[in-house]
Amino acid sequence: MARQLRAEQTRATIITAAADLFDRRGYESTSLSDIVEHAQVTKGALYFHFAAKEDLAHAIMELQSQASRQIAGEMDARGYSSLEALMRTTFGITRMSVEGPIPRAGLRLATGPVAVRAPMQHPFSEWLEIASRKLLGAVKESDLHPDVDIDAAAHSLVCFFVGTRTVGRSVEPVARQPRRVAEMWALLIRGMVPVPRRPRYLTLATQLEREARGV
């Protein structure tokens, strides 16, 4: 058991080191030797767990997808309205990105040169499914205008969310991301939510921003 635990810890160390470098330098500018040095492990230890750099990239993207699914599932289980659950999911993913390199690297890899291999679904496809399901629920709950085009709204939301994080990574500190997501939701709420329901969700966006910043 002790040997297995050490192996799992070494694997996690390698993944975190790779994610940090992929996030800061990019996938193509990071070598396996760089990862070995950054993780402070031997090449043998790295190759025991990962045969190639691409395998590391897929492990990072899978961890990001698992975390996103877990957050969405937790929001479903807590009985929030569909729109609130969707908002909380986006802020939960954002908070993970502020706190650790794996979600940041996962996003960069998903928008980069590494192709997603079956059976893993592309992270953006998963997010589109989550957004579509929750927006449809929000229409049924009268939290969105009944004439909202669900497919178009889900696609725009995911593009907005991904773009906010991608652009922000290049031009401002990562700690600014919760504020940008709150700004995103303020615009979407004013465009899609009926006037009587807006104050609740605008207030919620501010609250979730503070929580994501740890305030």
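Our subject is the structure listed above.
What this report covers is the structure whose coordinates are included nearby. (Residues numbered from 1 in each chain as written. Predicted model: local features only at pLDDT ≥ 70, side-chain atom pairs only at ≥ 80, totals over all residues. Heavy atoms only, no water.)

A few points about the side chain of Glu 84
Worth spelling out the cut-off: Only runs of H or I of at least four residues qualify as helices and only runs of E of at least two qualify as strands under DSSP, and these elements are numbered from the N terminus. Using a 1.4 Å probe on the protein chains alone, a residue whose accessible area is under 20% of its type maximum counts as buried, one over 50% counts as exposed, and one in between counts as partly exposed. Here, two residues are considered to be in contact whenever any of their heavy atoms come within 4.5 Å of each other.
Locating Glu 84 in the fold gives a position in helix 5 (residues 82-99). Overall, Glu 84 belongs to the buried group, its relative accessible area being 9%. Here Glu 84 is in contact with Arg 200, Tyr 201 and Leu 204, once residues within four sequence places are set aside.

Describing helix 5
Selection rule: One less than the residue count of a helix, multiplied by 1.5 Å, gives the span that helix is expected to have.
A rise of 1.5 Å per residue sets the reference length of helix 5, with its 18 residues, at 26 Å; its end C-alpha atoms lie 26 Å apart and thus fit the reference within 8%. Burial analysis of helix 5 places 13 of its 18 residues in the buried class, which makes it a mostly covered element.

Concerning unusual backbone geometry
Phi is positive for Gln 40, which is not a glycine, with a value near 60°. Tracing the chain through its elements places Gln 40 in the loop between helix 2 (32-39) and helix 3 (43-49). Note on Gln 40: relative accessible area 74%, which makes it exposed.

Side note on the packing of aromatic side chains
The following threshold applies: Here a pair means two rings of Phe, Tyr or Trp (six-membered ring of Trp) with centres within 6.5 Å. Their orientation is stacked below 30 degrees between planes, edge-to-face above 60, and tilted elsewhere. In this analysis the charged atom, NZ for Lys or CZ for Arg, is taken to sit over a ring once it is within 6 Å of the ring centre and within 35 degrees of the ring normal.
The full count for this structure, using the stated rule, is three aromatic pairs. On the numbers, 5.7 Å between centres and 45° between planes, the contact of Phe 124 with Trp 127 is tilted. Here Trp 127 and Phe 124 lie together in helix 7 (residues 123-140), a separation of three residues that amounts to about one turn. Classification of Trp 127 by relative accessible area gives buried; the value is 7%. Members of the aromatic cluster, connected to one another through ring pairs, are Phe 124, Trp 127 and Phe 161. Here Lys 53 stacks its cationic end above the ring of Tyr 27, 4.3 Å away from the centre of that ring.

Quick notes on the packing of helix 9 (residues 177-192) against helix 10 (residues 198-212)
Put simply, the rule is: Every axis in this analysis is a line fitted to C-alpha atoms, fitted for helices over the stretch in contact. Angles between the N-to-C directions lie between 0 and 180 degrees. Working rule for angles: under 35 degrees goes down as roughly parallel, over 145 as roughly antiparallel, 65 to 115 as roughly perpendicular, anything else as oblique. Residue type decides the class: Asp, Glu, Lys and Arg count as charged, Ala, Val, Leu, Ile, Met, Phe, Trp, Tyr, Cys and Pro as nonpolar, and the leftover types, Gly among them, as polar.
Across the interface, helix 9 lies against helix 10 with an axial gap of 9 Å and an inter-helix angle of 170°. The pairing of helix 9 with helix 10 is recorded here as roughly antiparallel in orientation. The residues of helix 10 that touch helix 9, namely those facing Pro 178, Arg 179, Ala 182, Trp 185, Ala 186, Ile 189 and Arg 190, are Arg 198, Tyr 201, Leu 202, Ala 205, Glu 209 and Ala 212. Looking at the contact of helix 9 with helix 10, its residues break down into nine nonpolar, no polar and four charged.

Things to note about the pattern of salt bridges
Note that side chains of opposite charge can pair when their charged atoms are close. Which entries qualify depends on this criterion: Just to be clear on terms, a salt bridge is a Lys or Arg side-chain nitrogen sitting within 4 Å of an Asp or Glu carboxyl oxygen.
Evaluation of the coordinates by the stated rule reveals 18 salt bridges. Measuring nitrogen to oxygen at the nearest pair gives 3.3 Å for the salt bridge that ties Arg 133 to Asp 76. Linking Arg 133 in helix 7 with Asp 76 in helix 4 (residues 53-77), this pair joins segments that are 57 residues apart in sequence. A relative accessible area of 42% means that Arg 133 is categorised as partly exposed. The exposure class assigned to Asp 76 is partly exposed, which follows from its relative accessible area of 34%. Between Glu 183 and Arg 180 there is a salt bridge, with its nearest N and O atoms 2.9 Å apart. Placement of the pair is Glu 183 and Arg 180 together in helix 9, with a separation of three residues, close to one helical turn. For Glu 183, a relative accessible area of 26% gives the class partly exposed. Overlapping salt bridges bring together Glu 172, Arg 179, Arg 180, Glu 183, Glu 209 and Arg 213 as one network.

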